[in-house]
Amino acid sequence: MTVTSFFDDFHRRDFFRMCLAGATGASCSGWLGKLARAAEGAPPPKACILLWMPGGPSQTDTFDLKSGHKNGGPFKEIETAAPGVRISEHLPGLAKEMKDLTIIRSLTTTEGDHGRAANIMLTGYKEQEAVKYPVLGSLVAKELGQPDNELPNYVSISSTNSIFRSTADEGFLGPQYAPLSVSGNSNSPQARANMAIEFLAPPRRIARSQTETRFRMLQVVQRDFAERFETDSVATHRSNYEKAERLVRSQAKNAFKLDEEPSSLREAYGRNRFGQGCLLARRLVERGVPFVEVALSGTNARTAASWDTHQDNFDQVKLLSQVLDPAWSTLMRDLRERGMLENTLVVWMGEFGRTPVINEMGGRDHFPLAWSTVLGGAGIQGGQAYGDTGPDGMRVVDKPVKGPQLIATICSALGIDPQKENFTDEGRPIPIVERGTVPVHELLTTRSKTTL
Amino acid sequence: MNVPRASLVLTFVLINLCIRVDADDVSSSTADPQQRLSSWLDSRFEARWKSNQVDPPAIVDDAAFLRRVYLDLCGTIPSVSQARDFLANRTVNKREQVIDQLLADPRSSRHLARVWRRMMVPGNGPETTVATQLLEPWLVSQFAANTHYNELARQVLVTSPDGSMMRLNPGQDGENPSASAGAYAMVVGQTPDSMAGASTRFFLGVSLNCAKCHDHPFAKWKQQDFWGMAAFFANPEATGMGRIRSDKGREYAAVFLGGEKATIRPDQRGTEVLVNWMTSRDNLNFAATAVNRIWQHLYGRGAVSEIDDLDRVPAEERSFFLDDLGRSFATVDYDLRWLMASLCKSRTYQREAASKAGSSPAEVITQRPLKTLLPEQVFDALEQALNLPIGKADDSPRMNGTRVQMVAKLNESTTNHPDEFRSGIPQVLLLMHGSMISNATDLETSRTLRAVVEAPFFDPQEKIETLYLATLTRKPRSQELQSMLEFVREQPELQQQKQAYADIFWALLNSPEFVLSP
């Protein structure tokens, strides 16, 4: 058998395999697979998209306005689709989606340092020397990930901002739960929002047929070694290469081919890194990825500090809102129209909020005492504003929510038991959230409450 | 060899004793203490295999031995010519010669420093950067001078953490004069409790950290044990000499792990007293933990299963060979290079890796697993295989940032267990499609490939053999050679034939055998 014929063969067989998968309803991928599973009576798999706001967004200028108070600043409040819930005038798209979103206005935490706060908010635990806690994405990837998925179970889109995040995400869960990072440096409206998995494509001078030849030769070269050593390490090596080869062949099921989407939809998301990142997140979830993180960091030179608006807060928050609003509201609509919203949880959060008091430079500083996050979609009872920070926003006056409770609520909405234990290398059991942490039941749909 | 004569004699006596105890068949006529230790170790292993009713694995051939010993002692693979020379060498004791030669190679101190830095500061957190920049260079200088292990421990513990001997100035680059033993304290967090937890784990193989906040759930350690050790590192001005106040406000006095109360004279530092106790020959855990780490480095698996939980290892497991090897190490005044040479010269070290995991712990402990190359080893081995330039002026991958990037990426999926392989998809894609491999397998840019493909004096078989030697330090087996020759001959045109060699080269570099050392 010649190498060339082997590859013609491969493509043919691959094609047959895919046809068969479709015909029998076996889980091949994406929403087709999900529909098939739903038809068989199994609950459709859930997923989470985390919209991560590095730097700490100002709640007072987004979801918890203090109109009429001197802390309020210049932004006006607008009505939303949820009666009685009002948000910033710079989030008009989200105002329309409010029936499916719930604001937590009473989050209260204690850490005001970016790195440590981000760690606490994403792991649910205070950083410790002895235990490296995994972040939400790794925890969800472990619980909801499909081992046979061709795509990774945790994808992180342009969130490599080391000032605001430290430590390895996966913690003691180990590297198989580490995120696959998608680079996305260009924010140019012209660039095809260069989001890609690094080195997914072979070098340009290598023809497709040669890539296949190389994969084939690798099979031949490793045969003898694999026969001599039937060890876990050799098996892992083989399975990793097979996964990577599948990813290369399928080019990640074309998840990254954003130009397959209608131009109007891409415009609606916003032709920028975050907007296109949200679109990519939807495409990844559609293809079975259970956790995708999209970060909204500096969109241009003026917002290079992301949400860390110690000075000139209002101009920057306005600019960031103008990126956030179309992307996120289009994501909500897009998910709903595809029947994915009831199984996809969207979480908006940063590491802390910002001071209600405006400082001398027209900025707002770090403020963990009373701030906001937003949840919507899977398992979440939308249309609410939960908790209250009083007329000045200086403290929580009603229904305080602590950081670990937020993680517990997210888990519950996703159908994950927040008290489930994972084990460190030392064999120490660590529950997903600290023992005794209660999810905020009022935020959950009846269905997700009953599954607890 | 800079071992005092007296200790050599002692070793001699001690090893003789050990041999008498359980292996009378080992010849006692040989006078070389290294050889005695090797033989003693071999007899222990061979007895174990016999009682397990399995045949000892075969001794590896010269090519496999050379690759193994290069990777273990120098962190890289031999060049094609080094491999050819060694294979052609007819000297009887050429293996012993190459072991001694490699241990004296400057690359050896750099590699061993990396290995020990990883053991001292496990994981891949932000502290790794400081460890790499400040602790590792200091370790290089210590391995180059063959500082004995007890002295190394003394410097690490006594230099810190009160700051008086620390010259840490991370702003400088180049030779990095700020590298020092004190970097260890800086990395683990310069508090008495973090130093106590970290150094007890690293030097004594006991994980005490759980006992910091509560009595240990499944070991005998109480909070008293933890804080008793922390008291050695306390600042005397706060609570008086050898005393510490815990984070819950309780006061504890300095107590050696295991219960003996320490006396610290006014002219002493707590850490000095601690090190004297730790490195004394009566404290077997110190030597046993050291040899356990060395054995894990060389063999891929510790002499007992739990390296950092030596206190939880059953006595019969320790008595296989760990404790006696530890005693021998203490007798030669903790001479690391001497010990590594002795171990590498043993038959046990030179046996084949296990083809599959054994069924019982007693069987597993004798098995050499495949060892996963460390990130730096992957780069260095690639550099060797690809015959890359190494100078700054050549814009070499070593100097232009490629190495740093590759090591960082591979580190993301590296564990502390040499027998574990966890490389993820990003790492695989880097090796498949990254610039280093791409350039190396491109006929236009690759040095090795061009040298092989264009060589007029090589026939196809020799070309393939050279590619195998360059990457896997061995010649292809006959079946492999046939497959490769067939593949080349199937190509209709000369250019495609050349391309076929490039594809073979790519496959060899991406093969499990390249990153998993048998």
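Details of the structure are given in the entry above.
Our subject in this report is the structure included herewith.

Criteria and cut-off values
- Residues numbered from 1 in each chain as written.
- Chains lettered and ligands numbered in written order.
- Predicted model: local features only at pLDDT ≥ 70, side-chain atom pairs only at ≥ 80, totals over all residues.
- Heavy atoms only, no water.
- Helix = DSSP H or I, 4+ residues; strand = E, 2+ residues; numbered from the N terminus.
- Buried < 20%, exposed > 50% of the residue type's maximum accessible area, 1.4 Å probe, protein only.
- Contact = heavy atoms within 4.5 Å.
- Areas by Shrake-Rupley, 256 points an atom, 1.4 Å probe, with all protein chains shown as cover.
- Buried area = accessible area lost by both parts, 1.4 Å probe.
- Salt bridge = Lys/Arg side-chain N within 4 Å of Asp/Glu carboxyl O.
- Polar contact = N/O pair within 3.5 Å; in protein donor to acceptor, adjacent residues only side chain to side chain.

Helix and strand counts for chain A come out as 12 helices and 15 strands. Within the span of chain A, comprising 452 residues, buried residues form 57% of the whole. Once local pairs closer than 6 in sequence are excluded, the contacts in chain A between residues at least 24 apart make up 72%. Working note: accessible area of chain A is about 18,500 Å², and carbon and sulfur atoms make up 52% of it.

Another aspect to go through is helix H20 (residues 402-411) of chain B. Burial within H20(B) is extensive, with 7 of its 10 residues counted as buried. Every buried residue of H20(B) is listed here: B:Thr402, B:Arg403, B:Met406, B:Val407, B:Lys409, B:Leu410 and B:Asn411.

Okay, the environment of B:Arg403 next. All names here are of chain B. Structurally, Arg403 is set in helix H20. Between the C-alpha atoms of Arg403 and Asp380, which are 23 residues apart in sequence, the distance is 8.8 Å. Setting aside chain neighbours within four positions, we find Arg403 in contact with Arg114, Glu376, Phe379, Asp380, Pro397 and Arg398.

Attention now moves to the interface of chain A and chain B. Taken together, the 47 residues of chain A in the interface contact 57 residues of chain B. Counting the surface lost from both chain A and chain B, the interface buries some 4,400 Å², and carbon and sulfur atoms represent 65% of this. Considering only the surface of chain A that becomes buried against chain B, A:Phe199, A:Arg214 and A:Val221 emerge as the three largest contributors, covering 15% of it. Our count for the contact surface shared by chain A and chain B stands at 4 salt bridges. Note that B:Lys356 is salt-bridged to A:Glu230, the shortest N-O span being 3.6 Å. Inspection of the chain A/chain B interface yields 9 residue pairs in polar contact (both at pLDDT 80 or more). Among the elements that take part in the side of chain A that touches chain B, helix H6 (residues 208-228) of chain A stands out by supplying 12 residues, more than any other.

All names here are of chain A. Burial analysis of helix H11 (residues 403-413) places 11 of its 11 residues in the buried class, the great majority of the element. Turning to H11, its buried residues are Gly403, Pro404, Gln405, Leu406, Ile407, Ala408, Thr409, Ile410, Cys411, Ser412 and Ala413. Looking one or two places after H11, you find Gly415, whose phi comes out positive at around 80°.

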